[in-house]
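# A look at the structure
Here is how the chains run, residue by residue.
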Amino acid sequence: MASRYDALERKVGISEYASCHDGFAAVVKARYSDFLVHEVDLNGNVARLDKLEAADEEAKTKNSSDIPSGDENNSRKRKHEESVTVVTANIAETVDSSSKKDSDDTSNNTAVNVNWESFTDSLCKIVGDVVGKEVAAFLQQKEDDISESDNVKQFYTLPAIADKQVRRSVHQLLKSPEYSSVVRANNHDGRIRVWHRAFFDKMPKDTFVSGNNSQGKARGNNNNKHKKSKWPTDRPDFLRFVLYKENIDTSTAAKDVTRFARLNPKRGINYAGMKDKRGVTAQFCSAYRVEKDVLLGINKRDGAGGGNSSTKGSCIIRVGNLTYSTEEVKLGALSGNRFDIVLRNIDTGDDTGDVIQQKLEAAGEAFKQCGFINYFGMQRFGKMCDTHQVGLQLLKGDFEGAIDIIMREKGDGEPPRVLEARRTWAKRFDGINVNEDESRASDTEAKCAREVEKCCSRFMICEKSIVSSLSRKPRDYKRAFTSISKHMRSMFLHAYQSFIWNKVASYRIKTGGREVREGDLVLIEDTSLDKNGGGTSGLKGKRVKVVDEVDIKEQKFTIEDVVLPVVGSKVEFPTGSSYEFLLELLEEDGISKDAFKRVGDKEISLCGDYRKLICTPKDVTFAVKVYHDPLQPLLNTDLMELSGSKVGETKTEDEPATLFGMVIGFTLPPSSYATIALRELTKRPTSSEYQSKLELDGKCERNLS
């Protein structure tokens, strides 16, 4: 029944399996919390959110000399997008927040009539009970007592407050007419100093802050905002932490954290690899010279998390396990990812419960022992499975052909306006002899490009770049294509490399099975992990050899040592039938190996790489689950563990558990696809189109024709 979707995979070379156990239908990612990913760093440490550190209020109040990062003190003009609870409204009864008058009353011996209870309550609502009560107690000290003390404390330094609205509320309260005679405040090194009335005359004259100055600018001396603080010499430069996120991709989460913590946007936070949106993931990150408290504030945002609320849910971000390190997290510096995945409503046919259990356990054992063919996944080839076709045209030097593929109709899934724009583009030269009337063709294309650009959605990044360029320089297709970002242009070429690799891998398994053959290419050295390459750094640190007769006789290698080249200008090739098949594929597409040496793009080179033919996952675990509620949580997330929440059975005596599921866990190296691993386990297609047809109860594949 799934043969229609198998054809999509075969189109990009995915056609064989590494083992021969019985497969089964199952729903993947019914809930985003069904897909857990924990990053593994180069030292084998797994990124897990073990603790959500809370700010140590006592330590912060006693250590007023802690110096925040220079990044925090940079001038920032971007709006704070985090929704916070602003307490200004709560203190409206005691504070006239619109008052801008600065009090000049600095008499230290005047009796003060202040409602300290009301002041304490208002301040506690803003900065918390511990800090609020300590500030109130400090301010209530008598002038004579505090001035005669041996250890004079002239001001109280509040903990770092990342949120602009909260800082504004503090200043509004302290500058209100009710309290301005007993308290003043200024900003110093990114923190608010609260001064006792006995020392108003000791305050720096140019740093007095009015209630509406939320960014801490010095009155009469705005140059202070450019002054950077000194980072403690005994503290490492990088704050390393675990970024935990639900239902949001890594790039968006990183930008969100950068905005919330008010980090320098040019630096932001560093991470080793991208994690998908639809899932619950944890990964290592680092930030340059940032105080822990600055990041910990993000944990106070709304959303309990844990994947227990609904099938969709809102995005959630948490940070934890913070520690200072001398090394920053670099892109690609990971040894793999740990996956824990829920498969729902498993259907093995007409089998009974005991038989289903046996088949699932057999499938899990086969997956554990045999691994899977290390195909490049469907996401490599785009939604329409045509990115590799664009790459082929580029290798041929046919930029117009590449653009035609990008601009052509993509099916019925696009909005009518976009679909009509694509059709208009395809017919732009109707009735024009392009070769004989170049001027008319150019004018027509420029006009058409301007019209099509208006219809492009914000997601049509490549299309918008192309038509924008052609509206100014019509018929210059090389210029138009190179207006696309380098990353996107590389993606098309890498897709074609992946297509060839998949085709050759299927041929090699189909004709040679799991036996090492003479002429195979094996990896005999790989130090790419040691070079912070995460195993995906191309040829750097890798050395191969061609298997000969002696190697076969002495059984030096196994199928797990065999690699296939990702075709490029500097790779070595196997000998024998696999190599001949590769050359035939290139010839059928109208190119040769030499095409990879002279890519018509000065910014891109295709040196190639070596990729394991078989990927054997590590630390494989699996458990068969029996449940009743189709959307019952079956897997604990890190936040659920921290809160003590556990997945529970919804089964009752009156409602027998009729659904079978499976929770499977495994660790994969970088660039290996979990979807391809699940394809091997289930013997089912990996495409989203196939998954969209499955049901969470009853016959799983009943909608397939």
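Not measured: the values here are computed from a predicted model. (Residues numbered from 1 in each chain as written. Predicted model: local features only at pLDDT ≥ 70, side-chain atom pairs only at ≥ 80, totals over all residues. Heavy atoms only, no water.)

## Quick word on the overall build of the protein
Convention followed: What counts as a helix is a DSSP run of H or I of at least four residues, what counts as a strand is a run of E of at least two, and both are numbered from the N terminus. Only protein chains enter the accessibility calculation, which uses a 1.4 Å probe; a residue is then buried when its area is under 20% of its type maximum, exposed when over 50%, and partly exposed in between. A contact between two residues is defined here by any heavy atoms of the two lying within 4.5 Å.
A count of helices and strands for the protein gives 22 helices and 18 strands. In the protein, which comprises 705 residues, the proportion classed as buried is 51%. Once local pairs closer than 6 in sequence are excluded, the contacts in the protein between residues at least 24 apart make up 78%.

## Points about the environment of Pro 159
As for its position among the elements, Pro 159 is in the loop between β3 (155-157) and α7 (164-174). You can call Pro 159 buried: its relative accessible area is 10%. A C-alpha to C-alpha distance of 9.6 Å links Pro 159 and Gly 190, two positions 31 residues apart in sequence.

## Some details on the nonpolar core
The condition is simple: To define a nonpolar core, start from buried Ala, Val, Leu, Ile, Met, Phe, Trp, Tyr and Cys residues and group those joined through side-chain atoms within 4.5 Å.
Residues Phe 481 and Phe 666 are the most contacted members of the largest nonpolar core, which totals 104 residues. Here this core takes 10 residues from helix α17 (residues 486-512), the largest share from any one element. If we ignore the near neighbours within four places in the chain, the residues touching Phe 666 are Asn 337, Arg 338, Phe 339, Ile 341, Phe 367, Pro 617, Lys 618, Asp 619, Val 620, Ala 674, Ala 677 and Leu 678. Val 127, Val 135, Leu 139 and Val 183 belong to the second-largest nonpolar core, a separate cluster that totals 24 residues.

## Some thoughts on unusual backbone geometry
Glycine aside, negative phi is the norm for most residues, and most peptide bonds take the trans geometry. Non-glycine residue Asn 345 carries a positive phi angle of around 50 degrees. Inspection of the secondary structure assignment puts Asn 345 in strand β10 (residues 336-347). The backbone of Asp 619 sits at a positive phi, close to 50 degrees, despite the residue not being glycine. Tracing the chain through its elements places Asp 619 in strand β17 (residues 618-627).

## Some details on the sheet that holds strand β15 (residues 609-612)
We apply this condition: For two strands to pair, DSSP has to find at least two bridges joining them. Where helices are involved, their axes are fitted lines through C-alpha atoms of the stretch in contact, as for all axes, and angles between N-to-C directions lie from 0 to 180°.
A sheet is described by the order of its strands in space; here four strands give the open sequence β13-β12-β14-β15, paired in antiparallel fashion. Of all the strands in the sheet, just β13 (542-546) and β15 have a single pairing partner and so form its edges. Neighbour-to-neighbour, the strand axes of this sheet turn through a mean angle of 55 degrees, independent of strand direction. Two elements, strand β12 (residues 521-526) and β13, share five bridges in a ladder whose sense is antiparallel. Residue Glu 525 lies in a different strand from β13, and its bridge partner there is Arg 543.

## Structural notes on α7
Think of an α-helix as turning once every 3.6 residues; residues three or four places apart then point the same way. Buried residues dominate α7, accounting for nine of its 11 residues. Where α7 is buried, its residues meet α4 (116-127), β4 (183-188) and β5 (191-196).

## Considering the packing of aromatic side chains
Which entries qualify depends on this criterion: A pair of Phe, Tyr and Trp rings is counted when the ring centres sit within 6.5 Å of each other, with Trp represented by its six-membered ring. The angle between the planes then sorts it: under 30 degrees is stacked, over 60 is edge-to-face, the rest tilted. Two conditions define a charge sitting above a ring: the NZ of Lys or the CZ of Arg must be within 6 Å of the ring centre, and it must be within 35 degrees of the ring normal.
Considering all chains together, one arrives at 17 aromatic pairs under this definition. Seen in terms of ring centroids, Trp 231 and Tyr 324 are 6.1 Å apart; in terms of plane orientation they differ by 65 degrees. Their pairing is edge-to-face. Of this pair, Trp 231 sits in the loop between β5 and β6 (238-246) while Tyr 324 sits in strand β9 (residues 316-325), and the two are 93 residues apart along the sequence. Put simply, the rings of Phe 35, Phe 339, Phe 367, Phe 372 and Phe 666 pair up and form one aromatic cluster. Between the NZ or CZ atom of Arg 235 and the centre of the ring of Trp 231, over which it lies, the distance is 4.8 Å. Directly above the aromatic system of Phe 376 lies the positively charged group of Arg 611, at a separation of 3.9 Å from the ring centroid.

## A word on the pattern of salt bridges
Rules: By convention in these notes, a salt bridge is any Lys or Arg side-chain nitrogen within 4 Å of a carboxyl oxygen on Asp or Glu.
Applying the stated criterion across every chain yields a total of 28 salt bridges. Where Lys 275 meets Glu 39, a salt bridge forms, and the shortest distance between an N and an O atom there is 2.8 Å. Here Glu 39 lies in strand β2 (residues 35-40) and Lys 275 lies in the loop between β7 (269-271) and β8 (280-288), a separation of 236 residues in the sequence. Take Lys 275: its relative accessible area is 5%, and that puts it in the buried class. When its relative accessible area of 1% is taken as the criterion, Glu 39 is described as buried. Where Asp 697 meets Arg 702, a salt bridge forms, and the shortest distance between an N and an O atom there is 3.9 Å. Using a relative accessible area of 36% as the deciding quantity, one classes Asp 697 as partly exposed. Each of Lys 545, Asp 548, Asp 551, Glu 554 and Lys 556 takes part in one network of salt bridges that share partners.

## Some words on the confidence of the model for the protein
Selection rule: A score from 0 to 100, pLDDT tells how confident the predictor is in each residue.
On average, the protein scores 83 in pLDDT, and the residues at 70 or more come to 82%. Across the protein, strand β11 (residues 372-373) holds the top mean pLDDT of 98, while helix α2 (residues 57-62) sits lowest at 37. Here residues 54-111 is a poorly scored stretch, pLDDT under 50, and it has 111 contacts once near neighbours within four places are set aside; other chains count. In the model, residues 209-226 has pLDDT below 50 throughout and makes 33 contacts with residues more than four positions away in sequence or in other chains.

## A look at helix α13 (residues 416-426)
Worth spelling out the cut-off: The directions considered for the arc run from the helix axis to the C-beta atoms.
Within the sequence span of α13, burial applies to Val 418, Leu 419, Ala 421, Arg 422 and Trp 425. One side of α13 holds all its buried residues, which, seen down the axis, span an arc of 160 degrees. Along α13, exposed side chains directed more than 90 degrees from the buried face belong to Pro 416 and Arg 417.

## Here we look at the sheet that holds β4
Pairing in this open sheet of three strands is antiparallel, and the strands run β3-β5-β4 from one edge to the other. The sheet terminates laterally at β3 and β4, the two strands that pair on one side only. Across the sheet, the mean angle from the axis of one strand to that of its neighbour is 25 degrees, orientation sign disregarded. The pairing of β3 with β5 spans three bridges and is antiparallel. Counterpart to Thr 157 in the pairing with β5 is Arg 193.

## Quick notes on the side chain of Arg 611
Operational definition: In this count, Lys and Arg are taken as positive residues and Asp and Glu as negative ones, while His and the chain termini are left out. Pairing of N or O atoms within 3.5 Å defines a polar contact, subject to two protein rules: one partner must be a possible hydrogen donor and the other a possible acceptor, and residues neighboring in sequence count only if both atoms are side-chain atoms.
With respect to the element layout, Arg 611 can be found in strand β15. Despite its burial, Arg 611 pairs with no opposite charge; the closest candidate is Asp 609, at 6.9 Å N-O. Polar contacts involving the side chain of Arg 611 include one to the main-chain carbonyl oxygen of Ser 671, which spans 3.0 Å. In this view, Arg 611 contacts Asn 374, Tyr 375, Phe 376, Trp 501, Val 562, Val 563, Leu 564, Val 566, Ser 671, Ser 672 and Tyr 673; residues no more than four positions away in its chain are not counted.

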